[in-house]
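# Fold and contact review
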Amino acid sequence: MANDKGDDVTEKFTGNFTQQEPIPEAGIEAAIAVMRHGRLHRYNVVDGEQSETALLEQEFADYTGAKYCLAVASGGYALGAALKAMQVQAGDAVLTNGFTLAPVPGAIAGIGARPIFVETTDQLIMDLDDLSAKIASSGSKVLMLSHMRGHIVDMDRLMQICDAAGVAVIEDCAHTMGATWDGVQSGRHGRVACYSTQTFKHVNSGEGGLLITDDADLMARATMLSGSYMLYENHLAGAPVETFEDIRLDTPNCSGRMDNLRAAILRPQIADLDAQIAAWAARVDVMTETLRDTTGLQLVQTLPKAVRVGSSYQFLLPDFNTSQMIDTVARCGARGVVLKWFGADTPAGYTSRHDSWRYADAQSMPATDRVLAGLIDLRLPLTFSLDDCRLVANIIRQEVNAIHQQG
Ligand SMILES: *Cc1c(COP(=O)(O)O)cnc(C)c1O
């Protein structure tokens, strides 16, 4: 069936939005080698052996340019460990994005601290005027900055604001592994950065996390927290041994280590990351070309200094009302295009938002609410070809047009 532009408006997309690529063969072989020798625990090494986990840490430190790197059990664990390693206390106010995913406020609440949400702009980045206002009103000394969906805020201005106010920055880089701001790796502006290696991020070990910093004391504390016992000398990107003198006795063990099997799977993926980023960029370009000039559809602009990793795609339908948003999701869904809407009153899938996090104090977020009311999100797995992306974007364009015309 064709519409008045001659488009086939019945064509369906049959791809799977949650299907990632297979693990690279080199990772499968390395994982089998680990299973064959049986030394899965990161500190279980024979004489002269470097564990897969220690090698992963060294390679990720090299990739990002950080002095120190620690591999842990999940991205959320890394965020919690970063807060504790910075000695944030229960009851402290911690600034964070009003628009992010649940593990971020969860990490703050998990140590008994209080999330203070900062407004989001229609570029899906933190509103820096609101950040300044909330620093002043809360007195908080810590910002957990989430580069939500890979959209990077003006890091020069953000760091100026935070440095001037004595606010330490933890970067949540779950969506920016490999991304850059003005040529500098995302995660290298704040005091510490946390990454996730969970299946839906940029590298896939099922579960896992990485923490990087140049701060030796912070890294020593994070290492003890992660469950290093007194084996921290077996790290290749760890804090200097003398840093542990007191820290090893003062820091509780809250085990959350990575194991050699997952590290073995990840190492070849870190080596491939830049090629994967280029593949994502090509998919994002096709989406943007196809969606551009769709009436009523607003693209999300990336700031000129940011290089985004396009593992997901977002756009706004600012003038659509609730029933039109529901219609968009339903009509695209009927044609095989799985969209997530962040504006729904009831959280579904990964779309919870600040007012669904009832463990945090209720906060008025009018600007963020306005953005989320029109925000659509979709995954872009690398199993999609460029033609797949063109079809997905065409379906979205056609259905948005149709709903727009109904008025
Ligand atoms: C996935 C994610 C995390 C945490 O990752 P897990 O490894 O699942 O704990 C943190 N922040 C954001 C924005 C995420 O999407």
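Residues numbered from 1 in each chain as written. Predicted model: local features only at pLDDT ≥ 70, side-chain atom pairs only at ≥ 80, totals over all residues. Heavy atoms only, no water.

## As for the overall build of the protein
In terms of helices and strands, the protein carries 12 helices and 14 strands. Judged by the C-alpha coordinates and their principal axes, the protein covers about 75 × 55 × 35 Å. Residues counted as buried form 55% of the 407 residues belonging to the protein. Taking the contacts inside the protein whose residues are at least 6 apart along the sequence as the reference set, 73% of them involve residues at least 24 apart. Once the 33 positive and 50 negative side-chain charges of the protein are each reduced to a mean point, those two points are 3 Å apart. (Helix = DSSP H or I, 4+ residues; strand = E, 2+ residues; numbered from the N terminus. Buried < 20%, exposed > 50% of the residue type's maximum accessible area, 1.4 Å probe, protein only. Contact = heavy atoms within 4.5 Å. Lys, Arg positive; Asp, Glu negative; His and termini not counted. Charge placed at Lys NZ, Arg CZ, Asp CG, Glu CD.)

## Let's talk about the side chain of Thr-197
When you line up the elements, Thr-197 lands in the loop between strand 8 (192–196) and strand 9 (209–213). For Thr-197, a relative accessible area of 0% corresponds to the buried category. A distance of 2.8 Å separates polar atoms of two side chains, one belonging to Thr-197 and the other to Ser-205. Ignoring sequence-local partners within four residues, the contact set of Thr-197 consists of Met-177, Val-203, Asn-204, Ser-205, Gly-206, Glu-207, Gly-208, Gly-209, Leu-210, Met-258 and Leu-266. (Polar contact = N/O pair within 3.5 Å; in protein donor to acceptor, adjacent residues only side chain to side chain.)

## Here's the deal with helix 11 (residues 366–373)
Buried within helix 11 are the following residues: Thr-368, Val-371 and Leu-372. The buried residues of helix 11 occupy one face: seen down the axis, they fall within an arc of 95 degrees. Among the structural elements, strand 3 (114–118), strand 12 (312–316), strand 13 (340–341) and strand 14 (375–379) are those in contact with the buried residues of helix 11. (Arc of directions from axis to C-beta.)

## Let's talk about the sheet that holds strand 7 (residues 184–185)
An order of 7-6-11 is seen for the 3 strands of this open sheet, with the pairing classed as antiparallel. The open sheet is flanked by strand 7 and strand 11 (306–307), the only strands paired with a single partner. Relative to strand 7, strand 6 (residues 180–181) is paired through 2 bridges, and the arrangement is antiparallel. Bridged to Trp-181 within strand 7 is Val-184. (Pairing = 2+ DSSP bridges.)

## Topic: the site of the ligand
Taken together, 16 residues sit near the ligand, with Gly-75, Gly-76, His-175, Ser-196 and Lys-201 positioned nearest. His-175 is positioned with one of its side-chain polar atoms (N or O) 2.6 Å from an oxygen atom of the ligand. A distance of 2.9 Å is found between an oxygen atom of the ligand and a side-chain nitrogen or oxygen belonging to Lys-201. Notes on the ligand: free accessible area 380 Å², of which the protein chains cover 91%. Broken down by secondary-structure element, the contributors of at least two residues to the shell around the ligand are helix 3 (75–85) and helix 4 (103–110). Ranked by residue count, the leading element in the shell around the ligand is helix 3, at 3 residues. Looking at the shell around the ligand residue by residue, the class counts come to 5 nonpolar, 9 polar and 2 charged. (Near = heavy atom within 4 Å. Areas by Shrake-Rupley, 256 points an atom, 1.4 Å probe, with all protein chains shown as cover. Nonpolar A, V, L, I, M, F, W, Y, C, P; charged D, E, K, R; others polar.)

## Things to note about the environment of Pro-318
Counting through the fold element by element, Pro-318 comes out in the loop between strand 12 and helix 10 (322–334). Judged by relative accessible area, Pro-318 falls into the partly exposed class, the value being 45%. For the pair Pro-318 and Asp-122, spaced 196 residues apart in sequence, the C-alpha to C-alpha distance is 9.5 Å. Beyond its immediate stretch of four places on either side in the chain, Pro-318 contacts Gly-296 and Gln-298.

## Thoughts on the sheet that holds strand 12
Read across the open sheet, the 4 strands follow the order 10-12-14-13; overall the sheet is antiparallel. In this open sheet, the two strands that pair with only one neighbour each are strand 10 (298–299) and strand 13. Here strand 13 pairs with strand 14 via 2 bridges, running antiparallel. Along strand 14, the bridge assignment pairs Trp-341 with Ile-376.

## A look at the domain arrangement of the protein
You can read the domains of the protein as domain 1 (25–271) and domain 2 (273–406). Taking only C-alpha atoms, the centre of domain 1 and the centre of domain 2 are 27 Å apart. At the junction of the two partners, domain 1 supplies 44 residues and domain 2 supplies 36 residues. Across the domain 1/domain 2 interface, buried area totals approximately 3,300 Å², and carbon plus sulfur atoms make up 60% of it. Where domain 1 packs against domain 2, one counts 3 salt bridges. Viewed at the interface, domain 2 and domain 1 are joined by 16 residue pairs in polar contact (both at pLDDT 80 or more). Those elements giving two or more residues to the side of domain 1 that touches domain 2 turn out to be helix 4, strand 3, strand 6 and helix 9 (260–291). Ranked by residues supplied to the side of domain 1 that touches domain 2, first place goes to strand 3 with 5 residues. (Domains from an automatic or database assignment. Buried area = accessible area lost by both parts, 1.4 Å probe. Salt bridge = Lys/Arg side-chain N within 4 Å of Asp/Glu carboxyl O.)

## Here's the deal with the packing of aromatic side chains
One pass over the full model with this rule turns up 9 aromatic pairs. Considering the side-chain rings of Phe-17 and Phe-384, the 4.9 Å spacing of their centres and the 85 degrees angle between planes classify their relative orientation as edge-to-face. Taken as a pair, Phe-17 in the segment before helix 1 (25–37) and Phe-384 in the loop between strand 14 and helix 12 (386–406) lie far apart in primary sequence, 367 residues in all. Centroid distance Phe-342 to Tyr-350: 6.2 Å. Interplanar angle 50 degrees. Geometry classified as tilted. Here the two residues Phe-342 and Tyr-350 agree in accessibility, since each one is buried. Cluster of aromatic residues (ring-pair linked, three or more members): Phe-13, Phe-17 and Phe-384. (Phe/Tyr/Trp six-rings, centres within 6.5 Å; stacked < 30°, edge-to-face > 60°.)

## Notes on the packing of helix 10 against helix 12
Where helix 10 meets helix 12, the axes come as close as 10 Å, and the angle between the chain directions of the two elements is 140 degrees. In this view, helix 10 runs oblique relative to helix 12, as classed from their interaxial angle. The handedness of the crossing between helix 10 and helix 12 is right-handed. The residues of helix 12 that touch helix 10, namely those facing Gln-324, Asp-327, Thr-328, Arg-331 and Cys-332, are Ile-395, Ile-396, Glu-399, Val-400, Ala-402, Ile-403 and Gln-406. Grouping the constituent residues of the contact of helix 10 with helix 12 by class yields 6 nonpolar, 3 polar and 3 charged. (Axes fitted to C-alpha atoms, helices over the stretch in contact; angles between N-to-C directions. Parallel < 35°, antiparallel > 145°, perpendicular 65-115°, else oblique. Left-handed = near helix turned anticlockwise from the far one by under 90°.)

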